Amino acid sequence: MRWAAAIRKEIMEQWRTSRLLVLLVVLGFFGMASPLMAKFMPELIAFVPGGEQFAMLIPTPTIQDAFVQYVKNTSQFAVLLAIFLSMGAVVQEKERGTAVMMLSKPLERGTFLLSKFVAIAFSFLVSLLVAGVLGYYYTVFLFQAPDAGQWLALNLLIWLYCLVYIAITLLGSTLARSQAVAVGVGFGALLVLALFGSFPAVNVYLPAQLITWSGELFSHPGVQYWSSVWISLGIIVACLLAAWLSFRKQEL
Amino acid sequence: MAAITTHDLVKVYGKVRAVDGLNLTVAEGTIFGFLGPNGAGKTTTIRMLTGMASPSAGSAQVAGVDLGADGQVRQKIGYLPEEPAFYTWMNPLEYLEYVGRLFGLPAKQRRQRARDLLERVDLAQVAKRRIGGFSRGMRQRLGLAQALVNQPVVLFLDEPVSALDPAGRKEVLDLIEGLRGQCTVFMSTHILADVERVCDTVGIIDQGKLIEEANQVELLGRYTVPAFVVECEPEAQAPFQAWTERLRSLPWVVSVNVENSSARVVVRDLRQARLALLEEATAAHLPLRRYEVVTPSLEDVFLRLVGNHKEGQA
């Protein structure tokens, strides 16, 4: 009952504070615009003064270009939004005093934390599904129909990638005394994982490989990177566990 | 039966002992005023009793539940912090219903309770207006409502009126007074007039230590000074001065402090002096303007106790 109440409140907050709307608009826009950009890239470049020569060099766009554009645009913006929308989740409630009001009621700290993660994850799932539907529609319209199951898998991989950064930033938000520190933890993790990703032997295990996998789903359907899925899930669980262990001992 | 008991409760922050061996007993059904100057340890005590901070040492029981017993105490208490903060995007009805959900109230009961409470704190007309636009007084009243959703056994109020204007203070104090007999109220404040108005029992804390705890009437009685204030018309100042000189020589007079045409006479026995002092004044043909037994206010007692405590520490 308390679980349901806390998750319901968090999802309601996502909507009422326009966070879900921002996600829907941004990811929906890139979902829609990516196939368009792939299709009309030569024309767009030709519009730029002196760009006609380069446009001539660009091969005729294919459905593969639409996939690449979609994965690149949505994953880049989604991960930035994942950090920005999670940074204040806990620290802001502690700063404002709303956490004290709620946690003096029979609401467990673990429930408080996890409901926030679930609500943000839900917002990203809905927004990526909307972006996916728009992207799928325009891809069919401008190129050809991709396999719907693979298209769904592509979006779920991007979602899982976002969940890693939501969990890391949520941990930062629990440990930190300000939103700036929380956002620093999120971007710091992004930087550190990118540095590790420069080693090819390590790269295949990191969350960024999820994005590589989603980009290759159609071009190399047989290639799979399950290890990065398990590592990503491990990071998510570890961050949430660390956040809970820290939060349950914090004095409000 | 006691609603709250603490045994040698201690809270240390670095080198500061914010609460220093607090032993407190609050009887069930009373409105307990927890008095102390700023920084005395009032809020820290409340934070420990509500489970928001862990004691460094000692133990406590609230509503029959030991502190730290898996947060069970939260089911039985209500808490209003000094500056209640709300989700500003919610309206009061949604907020109270959400609190009701956390307490596991069934839907019908939850809605009815929320509406009743909004009626009680005079916010029914704005039940569906965003909390973000509320004044401080409205937030404080909503804060009181949310603390009452579960019909708490013990209600903790941390400086509930210190930030309010006189009208807001009166409204909230009336609401607190209305809780008498329904639950035990533990109210921290540094405003003595509020305690005098609503509290039955008083505890005075200074530098983390409880320096006095008693029923308010008993406390005032305990610190009553056997003294009179006598004042005469200004034109009779000369004979008045002579009269006060004479008083100093009487065996039942302890001291006389004179200021212009007013004197404070401390006596050995109030009953004996009640008759004798007036006779003396009549015999001296003094045109009296004022003649009364000094009754101490809670402020006098508080200042005396806190002052004595500080002197003792020095």
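Nothing here was measured: the structure is a model prediction, and the numbers come from that model. (Residues numbered from 1 in each chain as written. Chains lettered and ligands numbered in written order. Predicted model: local features only at pLDDT ≥ 70, side-chain atom pairs only at ≥ 80, totals over all residues. Heavy atoms only, no water.)

Engineer: Sorry, what's going on with the overall build of chain B here?
Structural biologist: Helices and strands together make up the secondary structure of chain B, namely 10 helices and 14 strands. Taking 2.2 N^0.38 as the reference for a compact globule, 314 residues should give roughly 20 Å; the C-alpha atoms of chain B span a radius of gyration of 25 Å, well beyond that estimate. On the principal axes, the C-alpha backbone points of chain B span a range of 80 × 45 × 35 Å. Across the 314 residues that make up chain B, the buried fraction comes to 52%. Counting contacts in chain B only where the partners sit at least 6 residues apart, residues at least 24 apart contribute 68% of the total. Across chain B, the 36 positively charged side chains and the 37 negatively charged ones have centroids separated by 8 Å. (Helix = DSSP H or I, 4+ residues; strand = E, 2+ residues; numbered from the N terminus. Rg over C-alpha atoms; globule rule 2.2 N^0.38 Å. Buried < 20%, exposed > 50% of the residue type's maximum accessible area, 1.4 Å probe, protein only. Contact = heavy atoms within 4.5 Å. Lys, Arg positive; Asp, Glu negative; His and termini not counted. Charge placed at Lys NZ, Arg CZ, Asp CG, Glu CD.)

Engineer: Just to check I follow, could you spell out the sheet that holds strand β1 (residues 2-13) of chain B for this structure?
Structural biologist: Paired through their backbone hydrogen bonds, the strands of a sheet run either parallel or antiparallel. Residue and element names in this part refer to chain B. Strand order in this open sheet of four strands is β2-β1-β4-β5, and the pairing throughout is antiparallel. Edge positions in the sheet fall to β2 (16-27) and β5 (65-66), since each has one partner strand and no second. Against the sheet, helix α1 (residues 42-49) engages β1, β2 and β4 (57-62), with an angle of about 115° to β1. (Pairing = 2+ DSSP bridges. Axes fitted to C-alpha atoms, helices over the stretch in contact; angles between N-to-C directions.)

Engineer: Any chance you could explain the environment of B:Leu288 here in plain terms?
Structural biologist: Inspection of the secondary structure assignment puts B:Leu288 in strand β14 (residues 288-293). Since its relative accessible area comes to 29%, B:Leu288 is described here as partly exposed.

Engineer: Help me understand the interface of chain A and chain B, please; the structure alone is not making it clear to me.
Structural biologist: At the interface, 27 residues of chain A touch 28 residues of chain B. Regarding the contact of chain A and chain B, the summed buried area is about 2,700 Å², with carbon and sulfur atoms giving 59% of it. Its largest share of buried area at the contact with chain B, chain A owes to A:Met101, A:Lys105 and A:Glu251, together 24% of the area lost on that side. For the pair chain A and chain B, the number of links is three salt bridges. The salt bridge partner of B:Lys11 is A:Glu251, with a shortest N-O separation of 2.6 Å. In this assembly, chain A and chain B are joined by 16 residue pairs in polar contact (both at pLDDT 80 or more). At the level of elements, α1 (2-16), α5 (91-96), α6 (98-103) and α7 (109-142) of chain A are the ones that each hand at least two residues to the side of chain A that touches chain B. (Buried area = accessible area lost by both parts, 1.4 Å probe. Salt bridge = Lys/Arg side-chain N within 4 Å of Asp/Glu carboxyl O. Polar contact = N/O pair within 3.5 Å; in protein donor to acceptor, adjacent residues only side chain to side chain.)

Engineer: In this structure, what is going on with the confidence of the model for chain B? I would like to understand it.
Structural biologist: One rule of thumb: low pLDDT means the predicted coordinates there are not for detailed reading. With 96% of its residues at a pLDDT of 70 or more, chain B shows a mean pLDDT of 89. Helix α2 (residues 92-102) of chain B holds the highest mean pLDDT among the elements of chain B, 97, whereas helix α10 (residues 298-313) of chain B holds the lowest, 70. (pLDDT = per-residue confidence, 0-100.)

Engineer: Is there a simple way to think about the packing of aromatic side chains in this case?
Structural biologist: Aromatic rings considered in pairs are described by the distance between their centres and by the relative angle of their planes. Residue and element names in this part refer to chain A. Across all of its chains, the model carries 23 aromatic pairs over all chains by this definition. Ring geometry for Tyr-161 against Tyr-165: centres 5.4 Å apart, planes inclined by 75°, an arrangement best described as edge-to-face. With Tyr-161 and Tyr-165 both in helix α8 (residues 148-175), this residue pair falls four residues apart, about one helical turn. Judged by its relative accessible area of 10%, Tyr-161 is buried. On the basis of relative accessible area, Tyr-165 is assigned to the buried category, the value being 2%. An aromatic cluster of three or more residues is present, and its members are Phe-67, Tyr-70, Tyr-136, Trp-151 and Phe-218. If you follow Arg-248 out to its NZ or CZ, it ends over the ring of Trp-244, 4.7 Å from the centre. (Phe/Tyr/Trp six-rings, centres within 6.5 Å; stacked < 30°, edge-to-face > 60°. Lys NZ or Arg CZ within 6 Å of the ring centre and 35° of its normal.)

Engineer: What's the story with a nonpolar patch on the surface in this structure? I'm lost.
Structural biologist: All names here are of chain A. Taken together, the side chains of Trp-3, Leu-114 and Val-118 present a nonpolar region at the surface, about 230 Å² in accessible area. Take Trp-3: it is sitting in helix α1. Residue classification places Trp-3 among the partly exposed residues on the basis of a relative accessible area of 40%. (Patch = residues over 30% accessible without salt bridge, like charges linked within 9 Å, V, L, I, M, F, W, Y side chains within 5 Å. Areas by Shrake-Rupley, 256 points an atom, 1.4 Å probe, with all protein chains shown as cover.)

Engineer: Could you clarify how one ought to interpret helix α9 (residues 179-197) of chain A in this entry?
Structural biologist: Residues spaced three or four apart along an α-helix point in a common direction, a consequence of the helix completing one turn every 3.6 residues. Residues and elements named next belong to chain A. Compared with the 27 Å implied by 1.5 Å per residue over 19 residues, the 27 Å span of α9 between its first and last C-alpha is a close match. Turning to α9, its buried residues are Ala-182, Val-183, Gly-186, Ala-189, Leu-193 and Gly-197. Angularly, the buried residues of α9 cover 115° about the axis, an arc narrow enough to put them on a single face. Exposed and oriented more than 90 degrees from the buried face of α9 are Ala-180, Leu-191 and Leu-195. (Expected span 1.5 Å × (residues − 1). Arc of directions from axis to C-beta.)

Engineer: Looking at this model, I keep getting lost on the sheet that holds strand β11 (residues 227-232) of chain B. Mind explaining?
Structural biologist: Residue and element names in this part refer to chain B. In space, the four strands of this open sheet follow the order β12-β13-β11-β14, with antiparallel pairing throughout. At either margin of the open sheet sits one strand with a lone partner, and together these are β12 (253-259) and β14. On average, adjacent strands in this sheet sit at an angle of 15° to one another, irrespective of strand direction. Summarising the sheet, β11 and β14 pair through five bridges and their orientation is antiparallel. Considered in β14, the bridge of Cys-232 is made with Leu-288. Strands β11, β12 and β13 (262-267) of the sheet are contacted by helix α8 (residues 237-248), whose axis makes an angle of about 160° with β12. On the sheet, helix α9 (residues 270-283) packs against β11, β13 and β14 and is oriented at approximately 170° with respect to β14.

Engineer: Would you mind going over the pairing of strand β6 (residues 77-80) of chain B with me for this structure?
Structural biologist: Each regular strand displays side chains that alternate between the two surfaces of the sheet. Residues and elements named next belong to chain B. Of the two faces of β6, the one lined by Ile-77 and Tyr-79 and the one lined by Gly-78 and Leu-80 are each fully buried. Pairing of β6 with strand β7 (residues 154-158) involves four bridges; the strand directions are parallel. Note on β7: the bridge partner recorded for Leu-80 is Leu-157.

Engineer: Got a minute to help me understand the side chain of A:Ser228 in this structure?
Structural biologist: Residue and element names in this part refer to chain A. Within the element layout of this structure, Ser-228 appears in helix α12 (residues 226-247). Note on Ser-228: relative accessible area 0%, which makes it buried. Residues in contact with Ser-228, not counting those within four places in the same chain, are Val-204, Tyr-205, Leu-206, Gln-209 and Leu-210.

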